[in-house]
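These are the residues of each chain, in order.
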Amino acid sequence: MTEFSGRRRSALWPMIAVGGVVLVGAAVLVFTQAPRPAATPEPSPVSAIEACHLPSSDVKGGATIDYQWQVAVRLDSPQQSTILFVSGTNRLLCQADRGPDGTYPTVTAAGGGLVQMPADNALTWDEGNLPPQSGTDRSQLIVGHAPSGTAWVDVLTSDGEDHNATIGNGWYMAWAILTGPTDSVVEIDARDSKGNILARLSDPAGLQAGGSGALAAP
């Protein structure tokens, strides 16, 4: 049974490396389908949501917490599905890798709880993976809260590339492609339907997950 510890959003969540992926969270679960006897094989899940094995309940402080998980936002590609689930102030970020047969044999998940949800006008970068420090064409996952009224979120990297995010239920998720060992995410903009900036996170030296709060638009 996984324990999801309560944390305030202002606190930096620990980075935990799992299978080459660093996720910000209070607990990490790694699900790899174990070999089964040939006579009674058990197929891998064919649904990414099913593969995430969401816990239905947990015990915290002697009390049982019943989760009502809902999909907040998700990104799909031929290789994997990345989904952010929310239940009240609890969150679980799940990355399910798709096999060549269309099933999901391996899943990496990180979950945590918040004392309170972010303010409606907050733009945050809360969770994500940290790519290797060398090589080219690295991918960095970015997940955070988007201000109320956000129509789209732009993620700008230091190489000048703009990466659009997927938005859902007050959250956003994006994969940023980093083209060199020194490339990093330097700006995240939340914009309304007219293109006006509602809030911005910016650091020319590079942003880090959990290291910044929401900034008022200029």
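Residues numbered from 1 in each chain as written. Predicted model: local features only at pLDDT ≥ 70, side-chain atom pairs only at ≥ 80, totals over all residues. Heavy atoms only, no water.

> Explanation requested: the overall build of the protein in the structure shown.
Within the protein, the regular secondary structure consists of one helix and 17 strands. For the protein, buried positions account for 46% of its 218 residues. Counting contacts in the protein only where the partners sit at least 6 residues apart, residues at least 24 apart contribute 54% of the total. Of the roughly 10,600 Å² of accessible surface on the protein, a fraction of 52% belongs to carbon and sulfur atoms. (Helix = DSSP H or I, 4+ residues; strand = E, 2+ residues; numbered from the N terminus. Buried < 20%, exposed > 50% of the residue type's maximum accessible area, 1.4 Å probe, protein only. Contact = heavy atoms within 4.5 Å. Areas by Shrake-Rupley, 256 points an atom, 1.4 Å probe, with all protein chains shown as cover.)

> What am I meant to see in the sheet that holds strand E11 (residues 138-145) here?
Strand-to-strand pairing in sheets goes through backbone hydrogen bonds, with the strands running parallel or antiparallel. Spatially, the three strands line up as an open sheet ordered E11-E15-E14, and their pairing is antiparallel. On the outer flanks of this sheet lie E11 and strand E14 (166-168), each paired with one strand and no other. Direction aside, the axes of adjacent strands within the sheet are offset by 15 degrees on average. The sheet contact formed by E14 and strand E15 (residues 171-178) spans three bridges and is antiparallel. Of the residues in E15, the one forming a bridge with Ile167 is Tyr172. (Pairing = 2+ DSSP bridges. Axes fitted to C-alpha atoms, helices over the stretch in contact; angles between N-to-C directions.)

> Teacher, can you tell me more about the state of the cysteines here?
Note on terminology: disulfide describes a covalent bond linking the sulfur atoms of two cysteines. Counted under the stated rule, the structure contains one disulfide. Covalent S-S linkage joins Cys52 and Cys94, the inter-sulfur distance amounting to 2.0 Å. Given an S-S torsion of about -95 degrees, the disulfide between Cys52 and Cys94 has left-handed geometry. Of this pair, Cys52 sits in the loop between helix H1 (48-51) and strand E5 (57-60) while Cys94 is found in strand E9 (residues 90-97), placing the two residues 42 residues apart along the sequence. We note that Cys52, like Cys94, is buried. (Disulfide = S-S within 2.5 Å.)

> Can you help me understand the environment of Ile65 in this one?
With respect to the secondary-structure elements, Ile65 resides in strand E6 (residues 63-66). Once residues within four sequence positions are removed from consideration, Ile65 is found in contact with Ser56, Ser57, Asp58, Lys60 and Asn90.

> What is the right way to read the pairing of strand E17 (residues 197-202) from this model?
Sheet faces and side chains relate simply in a regular strand, where the side chains alternate between the two faces. Judged from the five bridges that link them, strand E16 (residues 185-191) and E17 form a sheet pairing that is antiparallel. Counterpart to Asp189 in the pairing with E17 is Arg200. Hairpin connection between E16 and E17: a loop of five residues separates the two successive antiparallel strands, and Gly195 in this loop has a positive phi of roughly 90 degrees.

> Would you take a moment to explain unusual backbone geometry for this structure?
Here the phi dihedral of His53 falls at roughly 50 degrees; this positive angle occurs in a residue that is not glycine. With respect to the secondary-structure elements, His53 resides in the loop between H1 and E5. One non-glycine residue, Asn169, lies in positive phi territory at about 55 degrees.

> Just checking my understanding: could you explain the nonpolar core for this structure?
In globular proteins that are soluble, nonpolar side chains generally tend to be buried together. The biggest cluster of nonpolar side chains holds 18 residues, and the ones touching the most others in it are Trp125, Ile142, Tyr172, Val185 and Ile188. Going through the elements one at a time, strand E12 (152-157), E15, E16 and E17 are the ones with two or more residues in this core. Ranked by residue count, the leading element in this core is E15, at four residues. Within the second largest apolar cluster, 13 residues are counted, among which are Ala48, Trp69, Phe85 and Val107. (Core = buried A, V, L, I, M, F, W, Y, C linked by side-chain atoms within 4.5 Å.)

> What's the story with the sheet that holds E12 in this structure? I'm lost.
If you trace the four strands from one edge of the open sheet to the other, you get E13-E12-E16-E17, paired in antiparallel fashion. Looking at which strands have only one partner, the edges of the open sheet turn out to be strand E13 (162-164) and E17. In this sheet, adjacent strand axes meet at a mean angle of 20 degrees when their direction is disregarded. Summarising the sheet, E12 and E13 pair through three bridges and their orientation is antiparallel. What sits directly across from Leu156, in E13, is Asp162.

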